[in-house]
Amino acid sequence: MPKTIILLETVAKEAMQLLKEAPDMHIITGFDEVSLQKNIANTTIDAIITRGKGQVREKLLNQLPHLKVISRCGVGLDNIDVAAATKRGIKVVNAPNSNANTIAEHTISLLLLLQRNLYGAITMVKEGRWNERGTYVGDEIHGKTLGILGLGNIGKKVAHIANAMGMNIIYWSAQKEDVPYPFLSLEEVLKNSDALSLHLPLTTKTEHLINEKALAKMKTTALLINTARGKIIDQEALSKALANKKIGGFAADVLAVEPPETNESLLQYPNTLITAHVGSLTTTTYTQMCVMTVENTLKILRREAPAPNCIFNRNELGLS
């Protein structure tokens, strides 16, 4: 009997083709609550595949007693109740390290745009204000100090690129890493950074880590870059710091609430640059994440060995 997989969001066409061509799989969709409830009614669901928006919470898990796998085409698992899934013996699959290169590139891009005021310079020309070039204010990153919070795979790549461009690297992380950069306390990194880049997971310990107190320790000219998780920053405190010129600028690919409300104060400042959580949506990375996740989901349902480390809760399930 075919296994049934429900998609809570679209996936890359190459990944979708793999699903369609699987003779032992039945694919259904639940892109909104109405279609989700309609399609899971009286249906045995074996696996869920989602991306970043489709929510897999305990309420849904209670409706799917035969669920074996929850797969996310990405790295972060904020939209999945991993604890509830683990309690039920459900494997939670993601695509570890698949977005490290593209997020590192996006981080450096935001840093350069902000430091050199490139968005303003480009807009000036597009609006026919070439003669205002005399008012341009920008700087280079060479010789500046980049502080990195969280030196995992992405943090290391950001450090490597920034260092190659002439930046001095300092960092604070969960543990000291085997890298040629100084491992400092959080307070020291905050105080000494010309630019601060966040590469931490969102946990109870990191939520609002960058708050009013932390922002007050930073240089008034410092730039803050966030391509990790929006809630690591207390956005109200950040908005006040920007309004009072206690910080030099802010660039991010993530916000606490996505999409932001139309009255989100962070959008009003000239020294803020925010992209719509597109860091991992390059053609290469998006396709790789989706294909990798689908392939591992199919293998698990077929009782074959998936890629190493793709099961996030493998230790808790006693699979390691």
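Described below are features of the structure shown in this document. (Residues numbered from 1 in each chain as written. Predicted model: local features only at pLDDT ≥ 70, side-chain atom pairs only at ≥ 80, totals over all residues. Heavy atoms only, no water.)

By the definition in use, this model includes 13 salt bridges. The shortest N-O distance in the salt bridge between Arg-302 and Asp-24 comes to 2.8 Å. Separated by 278 residues along the polypeptide, Arg-302 in the segment after helix H11 (283-301) and Asp-24 in the loop between helix H1 (13-20) and strand S2 (25-29) bring together distant segments of the chain. In this structure, a network of salt bridges that share partners links the residues Glu-58, Lys-87 and Arg-88. (Salt bridge = Lys/Arg side-chain N within 4 Å of Asp/Glu carboxyl O. Helix = DSSP H or I, 4+ residues; strand = E, 2+ residues; numbered from the N terminus.)

A word on the pairing of strand S8 (residues 195-198). Because side chains alternate across S8, one face comprises the buried residues Ala-195 and Ser-197, and the other comprises Leu-196 and Leu-198, equally buried. Relative to S8, strand S6 (residues 145-149) is paired through 4 bridges, and the arrangement is parallel. Considered in S8, the bridge of Ile-148 is made with Ser-197. Where S8 lies against strand S9 (residues 223-226), 4 bridges are found, and the strand directions are parallel. By the bridge assignment, Leu-196 is partnered in S9 with Leu-224. Read from S8 through helix H9 (residues 212-217) to S9, the crossover connection turns out right-handed. (Buried < 20%, exposed > 50% of the residue type's maximum accessible area, 1.4 Å probe, protein only. Pairing = 2+ DSSP bridges. Right-handed = clockwise from strand over helix to strand, strands pointing away.)

Read from one edge to the other, the open sheet built from 5 strands follows the order S2-S1-S3-S4-S5, with strand pairing classed as parallel. Edge positions in the sheet fall to S2 and strand S5 (91-93), since each has one partner strand and no second. Averaged over neighbouring strand pairs, the angle between their axes works out to 20° when direction is ignored. Alignment of strand S1 (residues 3-7) against strand S3 (residues 47-50), held across 3 bridges, turns out to be parallel. Counted as the bridge partner of Ile-6 is Ile-48 from S3. Along the sheet, H1 makes contact with S1, S2 and S3, crossing S1 at roughly 155°. (Axes fitted to C-alpha atoms, helices over the stretch in contact; angles between N-to-C directions. Contact = heavy atoms within 4.5 Å.)

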